[in-house]
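The residues making up each chain are set out below.
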Amino acid sequence: MKVHDFAKRLGLPDSSIRYYDRMGLIQSGRQKENNYRHFTEQDALAIYHARMLRSFDMSVQEALEAKDQELSTIDGWVSSHIQELERQLDWEKMRLTRLREMKAYFAITPPRNGILREATRDDSFNIWNFGAVTDLSPEEVQALHLLAEYMPFSYIAIRVSRESILRPGNSLDVSTGLGILRRYRDRLKLDLSAIPHTPGGPILGIALETPDPLSITKEDLFPLLEDIDRRGLTLEQDLVGRIFISYVNNGTFVHGVSLGCSIGR
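Remember, predicted model here, so these are calculated numbers, not experimental data. (Residues numbered from 1 in each chain as written. Predicted model: local features only at pLDDT ≥ 70, side-chain atom pairs only at ≥ 80, totals over all residues. Heavy atoms only, no water.)

Participant: Any chance you could explain the overall build of the protein here in plain terms?
Facilitator: When you go through the protein residue by residue, the secondary structure sums to nine helices and nine strands. A compact globule built from 265 residues would reach a C-alpha radius of gyration of about 18 Å, whereas the protein, at 30 Å, exceeds it by more than 25%. On the principal axes, the C-alpha backbone points of the protein span a range of 100 × 40 × 30 Å. Scored against the burial criterion, the 265 residues of the protein give a buried share of 38%. Sequence-distant contacts, at least 24 apart, represent 70% of the contacts inside the protein between residues at least 6 apart. Carbon together with sulfur atoms contributes 52% to the accessible area of the protein, which is approximately 15,600 Å² in total. Charge centroids of the protein, computed over 33 positive and 37 negative side chains, lie 6 Å from each other. (Helix = DSSP H or I, 4+ residues; strand = E, 2+ residues; numbered from the N terminus. Rg over C-alpha atoms; globule rule 2.2 N^0.38 Å. Buried < 20%, exposed > 50% of the residue type's maximum accessible area, 1.4 Å probe, protein only. Contact = heavy atoms within 4.5 Å. Areas by Shrake-Rupley, 256 points an atom, 1.4 Å probe, with all protein chains shown as cover. Lys, Arg positive; Asp, Glu negative; His and termini not counted. Charge placed at Lys NZ, Arg CZ, Asp CG, Glu CD.)

Participant: What exactly am I supposed to notice about the pattern of salt bridges here?
Facilitator: Where charged atoms of side chains with opposite charge meet at close range, the side chains can pair. Taken as a whole and judged by the stated rule, the model has 13 salt bridges. The shortest N-O distance in the salt bridge between Arg95 and Glu92 comes to 3.3 Å. Placement of both Arg95 and Glu92 in helix H5 (residues 71-106) is noted, with a separation of three residues, approximately one turn of the helix. Under the relative-accessibility criterion, Arg95 is labelled partly exposed at 37%. Note on Glu92: relative accessible area 45%, which makes it partly exposed. Close ionic contact of Arg183 with Glu101 constitutes a salt bridge, the shortest N to O distance being 2.9 Å. Remark: Glu101 occurs in helix H5 and Arg183 occurs in helix H8 (residues 182-188); sequence separation between them is 82 residues. Since its relative accessible area comes to 16%, Glu101 is described here as buried. Salt bridges linked by common partners bring Arg98, Glu101, Asp122, Arg183 and Arg242 together as one network. (Salt bridge = Lys/Arg side-chain N within 4 Å of Asp/Glu carboxyl O.)

Participant: Hey, could you run me through the packing of aromatic side chains in this one?
Facilitator: What describes a pair of aromatic rings is the distance from one ring centre to the other and the angle between the planes of the rings. With the rule as written, the count across this model stands at four aromatic pairs. Their ring planes at 5° and their centres at 4.2 Å tell us that Phe6 and Phe39 sit as a pair that is stacked. Taken together, the residues Phe6 in helix H1 (residues 3-10) and Phe39 in the loop between helix H2 (14-22) and helix H3 (41-55) connect sequence positions 33 residues apart. Taken individually, Phe6 and Phe39 each receive the classification buried, so the pair is uniform in this respect. When the ring of Trp91 is compared with that of Tyr150, the centres are 5.9 Å apart and the planes differ by 55°; the resulting orientation is tilted. Here the residue Trp91 occupies a position in helix H5, and Tyr150 occupies one in the loop between helix H6 (138-149) and strand S3 (154-160), the gap between them amounting to 59 residues. For Trp91, a relative accessible area of 28% corresponds to the partly exposed category. Members of the aromatic cluster, joined through ring pairs, are Trp91, Tyr150 and Phe153. Of note, Arg87 hangs over the ring of Trp91, and the distance from its end group to the ring centre comes to 5.2 Å. (Phe/Tyr/Trp six-rings, centres within 6.5 Å; stacked < 30°, edge-to-face > 60°. Lys NZ or Arg CZ within 6 Å of the ring centre and 35° of its normal.)

Participant: Help me out: how do you make sense of the packing of H1 against H3 in this one?
Facilitator: Pairs of packed helices are described in terms of their axes, by the angle between the two and the distance that separates them. Running from N to C, H1 and H3 cross one another at 55°; their axes reach a closest spacing of 11 Å. Classed by the angle they form, the pair H1 and H3 counts as oblique. As for how H1 packs across H3, the hand of that crossing is right-handed. When H1 is examined against H3, the residues Phe6, Arg9 and Leu10 are found in contact with a partner set consisting of Asp43, Ala44, Ile47 and Tyr48. Partitioning the contact of H1 with H3 into residue classes produces five nonpolar, no polar and two charged. (Axes fitted to C-alpha atoms, helices over the stretch in contact; angles between N-to-C directions. Parallel < 35°, antiparallel > 145°, perpendicular 65-115°, else oblique. Left-handed = near helix turned anticlockwise from the far one by under 90°. Nonpolar A, V, L, I, M, F, W, Y, C, P; charged D, E, K, R; others polar.)

Participant: Would you mind going over the layout of surface pockets with me for this structure?
Facilitator: Gaps left between atoms are located by rolling a probe of water-molecule size over the structure's atoms. Volume-wise, the largest pocket comes out at about 450 Å³. Lining the largest pocket we find 24 residues, and of these Arg117, Arg121, Ile203, Arg242 and Phe244 sit closest to its centre. At the level of secondary structure, the elements contributing two or more residues to the lining of the largest pocket comprise H5, strand S1 (115-121), strand S6 (201-210), strand S8 (239-249) and strand S9 (252-264). In the lining of the largest pocket, the residues fall into 11 nonpolar, seven polar and six charged. For the second largest pocket, the calculated volume is near 310 Å³. Among the elements that make up the lining of the second largest pocket, the one with the highest residue count is strand S2 (residues 124-131) (three residues). Its residues assigned to classes, the lining of the second largest pocket comprises nine nonpolar, five polar and four charged. (1 Å grid on protein atoms, 1.4 Å probe; cavity = no way out; pocket = protein on both sides within 12 Å on 5 of 7 lines; lining within 4 Å. Points joined across faces, edges and corners; volume = space filled by probe spheres on them.)

Participant: Quick question: what am I supposed to make of the pairing of S2 here?
Facilitator: Along any regular strand the residues' side chains alternate between the sheet's two faces. Here S2 pairs with strand S4 (residues 174-181) via seven bridges, running antiparallel. Bridging from a neighbouring strand, Phe130 pairs with Thr176 of S4. By the bridge criterion, two bridges tie S2 to strand S5 (residues 197-198) in an arrangement that is antiparallel. Note on S5: the bridge partner recorded for Phe125 is His197. (Pairing = 2+ DSSP bridges.)

Below is the structure:
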């Protein structure tokens, strides 16, 4: 049977059959009278089996060698690949969650700036490396590199100090950096023991857009501060949040910011 005819029966291009032939997957010999390759059903099964294993990301060489392997060897490869795919699926689920978080933020962005909302914040770990910050410790630098490596599961963090909000004047002490939610840290098994965590719980949040997050003022936060005062609540901690996305609005490049504060009586 000619290569073209055999390939046609398998539903594969001729080049694939020639490739498997060169790799030694096809064991049948050639006919003496015309030198045509004598393909058999066993050759077809060997090709289909190799392609099935390749579809599970087994390397070409591993797929070709699998026909000579004992079941325990193949079972070991399958088990390790199951673990790898489960890890990849877990990562993709986390990436999907992060995208949905961004999408949810888009629903509270302008046209009206300063939108308030009540929400529940998860525990998080944040490192502040720009703005109103002190020098970083070696442990914080190491953790910062780790968070930078694990984006998008980490995020761009922003903090406005409580002290600057309470003092007179319009200016604020703002810091930015990288952060990660506790649930992502736990799932990724990251060692962030050197970083103090920001506790979760009920918060009052505000959505802003600003050309410079480090230049946020009390005037920008007025709807939030006014609502805290109206409720007779006390600002107990720094305002902490995220810079979700950067974009152009009316010809101006801006950053979409969400800030939230834990509040108590």
